[in-house]
Every structure is written in C-alpha cells, then in structure tokens.
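Summary of the model geometry
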2 protein chains.
Amino acid sequence: MAGAGFESLERCLEKHLPLADLQEVKRILYGKETRKLDLPSRAFEAASKGDFELQGYAFQAVAEQQRRPRTVRMGLVQNRTPPPRGHPVVKQITALHRRIEAIVEVAAMCGVNIICFQEAWTMPFAFCTREKLPWTEFAESAEDGPTTKFCQELARKHDMVVVSPILERDTEHGDILWNTAMVISNSGAILGKTRKNHIPRVGDFNESTYYMEGNLGHPVFQTQFGRIAVNICYGRHHPLNWLMYSINGAEVIFNPSATIGALSESLWPIEARNAAIANHCFTCAINRVGEEFFPNEFTSGDGKKAHRDFGYFYGSSYVAAPDGSRTPGLSRNRDGLLVTELDLNLCRQVNDIWGFKMTGRYEMYARELAEAVQPSYSPKIVKE
Amino acid sequence: MAGAGFESLERCLEKHLPLADLQEVKRILYGKETRKLDLPSRAFEAASKGDFELQGYAFQAVAEQQRRPRTVRMGLVQNRTPPPRGHPVVKQITALHRRIEAIVEVAAMCGVNIICFQEAWTMPFAFCTREKLPWTEFAESAEDGPTTKFCQELARKHDMVVVSPILERDTEHGDILWNTAMVISNSGAILGKTRKNHIPRVGDFNESTYYMEGNLGHPVFQTQFGRIAVNICYGRHHPLNWLMYSINGAEVIFNPSATIGALSESLWPIEARNAAIANHCFTCAINRVGEEFFPNEFTSGDGKKAHRDFGYFYGSSYVAAPDGSRTPGLSRNRDGLLVTELDLNLCRQVNDIWGFKMTGRYEMYARELAEAVQPSYSPKIVKE
C-alpha cells in the first residue's frame, strides 16, 4: 500500500524477508541490533486502550571499571492533532493536554526518565496557511503559560524530565513569537529554554513568516538523567547545529519535528542518524502523524490548485546511537510512544573508538568559516 | 548468506518484496527513483569478460530557461587488490594499472566524463601492519610518479577527468608521506592535488603512523564537466569537511575510501548521503572490495589473536544527489564500475528549494567554534 497507508518499513521487511536475509538487511540498514525492552503488560494494555503504539528497545554499552552504567530511559511521543475546524483554540489545546497526559501515564509505567513531545505540540502545524489569527493564539508564555504549568505537573507527578516544544509568545521582547522548547526538570522546576536556530522557507513551511532564528545559541541542559539538548525540526538539516550542541556536552539531542511525506521522508532516516554518528551522541527524531485540514484554502507555491490540507505527517520517530545503530521507527500513521533505554557511557566509548572530536580540526574550520562569510570571499577554486 | 557472501541489499529486496511494497521501501530508503541508464551492450560484454560489474543510473533535474542542462557522467571504480604476498612492489602496481586500464576502457564506452578510483588505489591497504617497508615503497611523487603519468595518458586518451588517490611521497618537504588525490584534467594536464584532511586512529586503520592531516585546505577543481572536490575516506565522518568543499563551490564531492564490514557498514549509506543533502551537491562514495592478507601477522588492539587479514572491504559504492535520492550500490564483493549521469543544475535547484546555505548562519558558527577551541572554553551547560 502506498502513501500514508503503508505502516512501516520495518514491518514490511519482517513480513517478506527470510530470517537470514532479514538479519543481513537489518545489519546493513540499522547496525548492531537493539534489544527489545521488556515493558510491563499493563503499559501495553493502556496503550492499546488509548489507541496508540508502544515500542521499547535498549542500546547497551560495555561495562567499565571507573564508571557505573548510566542507564536512562527516553520517551518519544508522536501524535496527531484534533481537527481544528470549528473548535476554539482553548479546546484544541486542552484536548492535546489530555491526549499527552494519557501517553505520559504509560511512559511512567515504562520507567521513562526523560520525555519529549513533537514540535509545536499544542497546535496544528498551521504555518502553511500564512494566516495569523487564530493560529498565533496557540502561542503561550514559555515561563508561565498553561502548557508549561501542565508539563511541570507531569514532571513532578512522574519524576520525569519533560521537553515541551511550543510556540512561544515573548511578551518581554515586543510580543514576538519564537519556536521554543521548554526543558522542565523532574523536580518540576523550569530548567531552561532553547529556541529553533534555523527557520525553513520550504514549500508549505512558511515559518519565517511567523518567527525568526533563535537567539539562545546552543544550550545544553544538565538533568539528573544526563545532558540533553533540543535541535528543533529544520535544524536537523544543519550539521553545525548538531555539532555545537555536542561540543557543549550534549549526550542526547532531541529533534522534535513536523514534516511531511512528499517533502522529506527519504531524508528522515539519514539526518538525525548521521548526527548521532558524527557527534558521538544519541539523537531522538520525533515527527507527528496524520493529516491536518484547515478551514480556509491556501496554495503551496507549486502551481497546483488551492487546497485545505497539509499532506500527511509520516511519524517514523526513532532513536539513533553513537555507534550508528538505531531503533526501528514507530509507525508511519499511528500515535505512538517509543521507549528507549540508553547507557550514556556509550557516547564516550564511541568517542574513544572513532575520535571525531579529537580529529575534528575545529580551529581550521573556525578560521575558514570566518573567511568564507566575508562578502569579499573568493572560493578556493583551482582552474587549468 | 552472511558476511562477504551477501551480494547486496538491493538485490535481496528485489528478490523478496512484492512490487508495490518494493516501490514503497525504495522510496523511503532511496528517495525519488533514479532512471536506469541505457549503456552500450559492448560495454556490458567487456565488463562481463573482465569479470566486473557494470551499473548505470541517471539523476534528472527540471528544465530551466536561463541554463541548459549540464549533463555529465561520473564513473566510480571499486576493485580488489592482487594478493601482495611474495610479489615485488612494482609488479603489484603494474597489475593494478592494467586492471584499472581495462575498467576505464569500459567507462569510456559509457561516455564517462570524470572517473574516480578508490583510496590509495595502487596498493593494498597495508596500514594495518604498522610495517614501513615494503609498503611505503608504494608511495610516489604526486607530480611525476608513474601512476600520475599513467593517469595523464588515460585522461588524454579518453578525454576524461581522472581523480587518482595515491600514497604520496613529498620529496620537497622532508620526504614525508601524504594521503593524496591527484586531479588530472581531460586535457591530460595536472589540474592539482588535494590531501586527506582527517586521519583515523581506529582499529586497524593506523594511518596516523604513516602520514599527517592534509595541509591544502579545501580546494575545488573547475573541470570542463563541473566543479569537483575530493573528501578522502575518514573525512566523510566530518560534516565540516564536506561543508567547506561545498562552500568553495563543489558540485560533486568524491569520497574515495577503504573501509571494512565489521567497522562501518551501517554508517556507509548514511554519511556521504547526508553530505549530499546538507550541502546541496552530489556525493560519490567509493569503497574497495575483497579481503587482503599480509605476509606477517599483526594484532588489532582488540584482545584477539594475531592474524594476517584485514577483514573484508564491502564495496557498495554509490552516488547520492542533493535531493536525497541515491543510486543502488555496486555489489559488496565484486569489482565494479558505477556510471551515473547527473544534471548539475539539480544542485542550485535544490539549494533554492531547501535553502540550507541561506539559513546556515555561518557567522554564528564561526564565532562559536572559535570560542569553543579555546583551552579556557566552558561549555554552555544549564544546571538547576
């Protein structure tokens, strides 16, 4: 089956390939096999009742003498948004709070320590419309908006770090908007915020119409469960963005996203995984699912007729490890929770093996980049 | 079949998947389908007689008003080296010249404009031994060694740009060694040289024992058939290396490599392809094939017994396009020639669509990197 009906690459391969071939194909495609996590049956029951997928995998590291294993569990949530047509903003936000609350309950049953939701998770991805109202009304104060308060309660209740990507209304700086992720400590305190560093101007992703490039640099958050960073959506296309989070010490980089099938699906398995490899860290790629339809029709700058839909978000959320291995993806078309157990010691172990930081020659690149951005720069081209 | 016996991922999928599923799987794994090239039957006959694989694919771009299509054909060569045991150096080099000569004949029949050989193509990948003689005797003068002369003849004869990665002996600077690629114009003139910028210290890749990091920066070569650059082997793990070639204007970046199954196979489809996506250019990933055995036994720093082999090189050479699509790989275990037709106009077209250069914020990264390399740098870590 084509399009949004195709459940997942992994299920298709498992269905058709003989076992020996399947193992070779998986080894080439996914690297060292990830162990299936033994999650509690009541979690599967709750997920089934809530109509979302639950999968669990574990990455392992070698035992060391001077460090204990630093085993933590990540939760990645992908979900559809309720159809916006006719529903007041506050009702839509509340419906999403309820949905996420139910999924986080299951994450707690699975022992998740850090959970991350998808980009702008409290709203439909309405930037395709280029309309301001009512969509900008989904924006909230990052520090004391209802969604941050909601996440603080979740964090306290479940002793869980919560990464909550929202549309931020910055009342202290001209009432402007940002694409922001809040990081809430498992204590319930706000640990800090980070903003989307690279803003797309691609197809229906008219995001530069709504907000600008983030001004917070590349902060890394020291949580009780490891050092984490958040590279929001389009920033996954920029290797330097991943690199700077890694240089600042991130062991896990989340990539909450919203991206559609026709545009990016063949890029999806490549970019976050390449970042895990190149930076000796874990990366967590999260994409929403489902189709979103809007009240007014809009065009897409592609010569086609005006329409009301945004294509389908293809889900397929996954985690990649510093050794290049990865989990299977969540499905392409269902809400889901991916629970992944990581031993963070793997980051330094792979760093010692592959040594990309040591061999990175960053001084040279800092100099070359500084030259290259000068308006007078001449590219180093050799001619006959 | 496992290990070196497994022919290729693509052949396995084609054998087992129903057509509709195969199409979806290929779309997710490989992006927009590449057209099969109609190559002359005498080329296939010559390849069959010479016992090497021949495959051909074409990437297309949209027609523009102000630029004609800039259609060029690339040739990627992967091959095994003759067993070194007991053969004099000069005989081994000559045998490889003859082998490559035959493959280039077929490339010429296929209309190839630019051909690239694998890393250190005139020698076994002997750095695993940590022995100097006889292996350093494979090094040649980049400007007037026999291999460069041989490539100049090939270039003239076939009107073909030749990229020839060799071990270079630099007699003008202390007789030291470099891992170098010569770029020979289709006129037969030497266009220039480029050196491996990042040197591995990984497993049996003891290359830092033999040569240092390249000192030629990131030159791009303006050929009659487009602007090309060469990112040698381990440099593919460093996103900044790809980026600087791209900033200097490369439309096609070759990655001649030598890498083995146990170490890197699951990384192989990711890194060069990510570079094509991130930099709006074509990348050409080339790996040798076969197993190499050495006269004296050596250990691999992995606690295992001394041995004489280097594991198997898994071939799988491929070309990736700026839109994220890619060709299938050559086989994992046979010599091969991959002919790929590119319309270089696709680079700028994808640049205009995705805009990673425009949104790259290189000033910010130049500044952040310059700070990060200071010994006094404190990573930007947020604590509760």
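In case you missed it, the structure is sitting above this.
Residues numbered from 1 in each chain as written. Chains lettered and ligands numbered in written order. Predicted model: local features only at pLDDT ≥ 70, side-chain atom pairs only at ≥ 80, totals over all residues. Heavy atoms only, no water.

1. So, the pattern of salt bridges
Residues and elements named next belong to chain A. This model, assessed by the stated rule, comprises 54 salt bridges over all chains. In this structure, Arg70 and Glu251 form a salt bridge, with 2.6 Å as the shortest nitrogen-oxygen distance. Here Glu251 lies in the loop between helix 6 (239–247) and strand 10 (252–257) and Arg70 lies in the loop between strand 2 (53–58) and strand 3 (71–78), a separation of 181 residues in the sequence. Of the residues examined, Arg70 reaches a relative accessible area of 29% and is grouped as partly exposed. Of the charged contacts, one joins Glu213 and Arg201 as a salt bridge, the two residues approaching to 2.8 Å between their closest N and O atoms. In this pair, Glu213 sits in the loop between strand 7 (190–195) and strand 8 (220–223) while Arg201 sits in the loop between strand 7 and strand 8, placing the two residues twelve residues apart along the sequence. Taking the relative accessible area as the measure of exposure, Glu213 reaches 18% and is therefore buried. Its relative accessible area of 39% is what places Arg201 among the partly exposed residues. When salt bridges with common partners are traced through the structure, they connect Glu143, Glu168, Asp170, Lys193 and Arg195 into a single cluster. (Salt bridge = Lys/Arg side-chain N within 4 Å of Asp/Glu carboxyl O. Helix = DSSP H or I, 4+ residues; strand = E, 2+ residues; numbered from the N terminus. Buried < 20%, exposed > 50% of the residue type's maximum accessible area, 1.4 Å probe, protein only.)

2. Section: helix 8 (residues 268–279) of chain B
Residue and element names in this part refer to chain B. Between its terminal C-alpha atoms helix 8 stretches 18 Å, which fits the 16 Å expected from twelve residues at 1.5 Å a residue. Of all twelve residues making up helix 8, twelve are buried, and the element is well covered by its neighbours. Where helix 8 is concerned, the buried positions are Trp268, Pro269, Ile270, Glu271, Ala272, Arg273, Asn274, Ala275, Ala276, Ile277, Ala278 and Asn279. His280 sits one or two positions beyond helix 8 and adopts a positive phi of about 55°. (Expected span 1.5 Å × (residues − 1).)

3. Description of the packing of aromatic side chains
In this structure the tally under the stated criterion is 34 aromatic pairs over all chains. A ring pair is formed by Phe310 of chain A and Phe313 of chain A, whose centres lie 5.4 Å apart and whose planes are at 70°; its orientation type is edge-to-face. In this structure Phe313 of chain A comes out as buried when scored by relative accessible area, which is 1%. The interplanar angle of 80° and the centroid separation of 5.9 Å between the aromatic rings of Trp268 of chain B and Tyr314 of chain B together place this pair among those described as edge-to-face. One end of the pair, Trp268 of chain B, is in helix 8; the other, Tyr314 of chain B, is in strand 13 (residues 307–314), with 46 residues separating them in the sequence. Each member of the aromatic cluster is reached from another via a ring pair, and the members are Phe125, Phe127, Phe205, Tyr210, Tyr211, Phe310 and Phe313 of chain A. Across the ring face of Tyr210 of chain A, the terminal group of Lys132 of chain A is positioned such that the distance to the ring centre comes to 5.1 Å. (Phe/Tyr/Trp six-rings, centres within 6.5 Å; stacked < 30°, edge-to-face > 60°. Lys NZ or Arg CZ within 6 Å of the ring centre and 35° of its normal.)

4. A few points about the nonpolar core
One finds Phe254 of chain A together with Phe254 of chain B to be the most contacted residues of the largest nonpolar core, which totals 78 residues. When residues no more than four places from it in sequence are discounted, the contact partners of Phe254 of chain B are Met74, Leu76, Ile114, Cys116, Val163, Ile228, Ala229, Val230, Asn231 and Cys284 of chain B. (Core = buried A, V, L, I, M, F, W, Y, C linked by side-chain atoms within 4.5 Å. Contact = heavy atoms within 4.5 Å.)

5. Regarding the layout of surface pockets
There is about 1,200 Å³ of room inside the largest pocket. Lining the largest pocket are 38 residues; nearest its centre among them are Ile353 and Trp354 of chain A together with Ala262, Leu263 and Ser264 of chain B. Breaking the lining of the largest pocket down by element, the ones donating at least two residues are helix 9 (345–354) of chain A together with helix 7 (261–264) and strand 13 of chain B. Residue composition of the lining of the largest pocket, by class: 14 nonpolar, 15 polar and nine charged. (1 Å grid on protein atoms, 1.4 Å probe; cavity = no way out; pocket = protein on both sides within 12 Å on 5 of 7 lines; lining within 4 Å. Points joined across faces, edges and corners; volume = space filled by probe spheres on them. Nonpolar A, V, L, I, M, F, W, Y, C, P; charged D, E, K, R; others polar.)

6. Remarks on unusual backbone geometry
In this chain, Leu133 of chain A is followed by Pro134 of chain A through a cis amide linkage whose omega measures 5°. Relative to the elements of secondary structure, Pro134 of chain A occurs in the loop between strand 4 (114–116) and helix 5 (146–158). We note that Cys233 of chain A has phi near 40°; this positive angle belongs to a residue other than glycine. A positive phi angle is found at Arg361 of chain B, which is not glycine, with a value near 55°. Along the chain, the position of Arg361 of chain B falls in the loop between helix 9 (345–354) and helix 10 (362–372).

7. Describing the side chain of Thr327 of chain B
Looking at the secondary structure, you find Thr327 of chain B in the loop between strand 14 (318–320) and strand 15 (336–343). Accessibility expressed as a relative area gives 0% for Thr327 of chain B, which makes it buried.

8. Re the relation of the copies chain A and chain B
Each copy superposes on the other: chain A lies on chain B with an RMSD of 0.0 Å after a rotation of 180° and an axial shift of 0.0 Å. Taken together, the rotation angle and the small translation identify this as a two-fold axis. Considering only C-alpha atoms, the part of chain A nearest the rotation axis is Ala366 of chain A, at 2.4 Å. Mapped onto chain B, 100% of the interface residues of chain A again fall at the interface, so both copies present the same surface. (Least-squares fit on C-alpha atoms with pLDDT ≥ 70 in both.)

9. Describing the interface of chain A and chain B
Each side of the interface is counted separately: chain A has 88 residues, and chain B has 88 residues. Summed over both partners, the interface of chain A with chain B buries about 7,600 Å², with 67% contributed by carbon and sulfur atoms. Inspection of the region where chain A meets chain B yields two salt bridges. With a shortest N-O distance of 3.1 Å, Glu265 of chain A and Arg27 of chain B are connected by a salt bridge. Taken together, chain A and chain B are joined by 40 residue pairs in polar contact (both at pLDDT 80 or more). Ranked by the residues each element gives to the side of chain A that touches chain B, the list is headed by helix 10 (residues 362–372) of chain A, at nine residues. The class makeup of the residues in the side of chain A that touches chain B is 48 nonpolar, 23 polar and 17 charged. Relative to strand 16 (residues 381–382) of chain B, strand 8 of chain A is paired through two bridges, and the arrangement is parallel. Of the residues in strand 16 of chain B, the one forming a bridge with Phe221 of chain A is Val382 of chain B. (Buried area = accessible area lost by both parts, 1.4 Å probe. Polar contact = N/O pair within 3.5 Å; in protein donor to acceptor, adjacent residues only side chain to side chain. Pairing = 2+ DSSP bridges.)

10. Quick notes on the pairing of strand 11 (residues 282–287) of chain B
Residue and element names in this part refer to chain B. For strand 11, the buried fraction is high: six of the six residues fall into the buried class. Alternating residues of strand 11 divide into Phe282, Cys284 and Ile286 and Thr283, Ala285 and Asn287, and every residue in both groups is buried. Direction of pairing for strand 10 (residues 252–257) relative to strand 11: parallel, over a ladder of six bridges. Each residue of the ladder has a partner; that of Ser257, found in strand 11, is Asn287. Judged from the three bridges that link them, strand 11 and strand 14 form a sheet pairing that is antiparallel. Residue pairing for strand 14: Ala285 is matched across the bridge by Tyr318.

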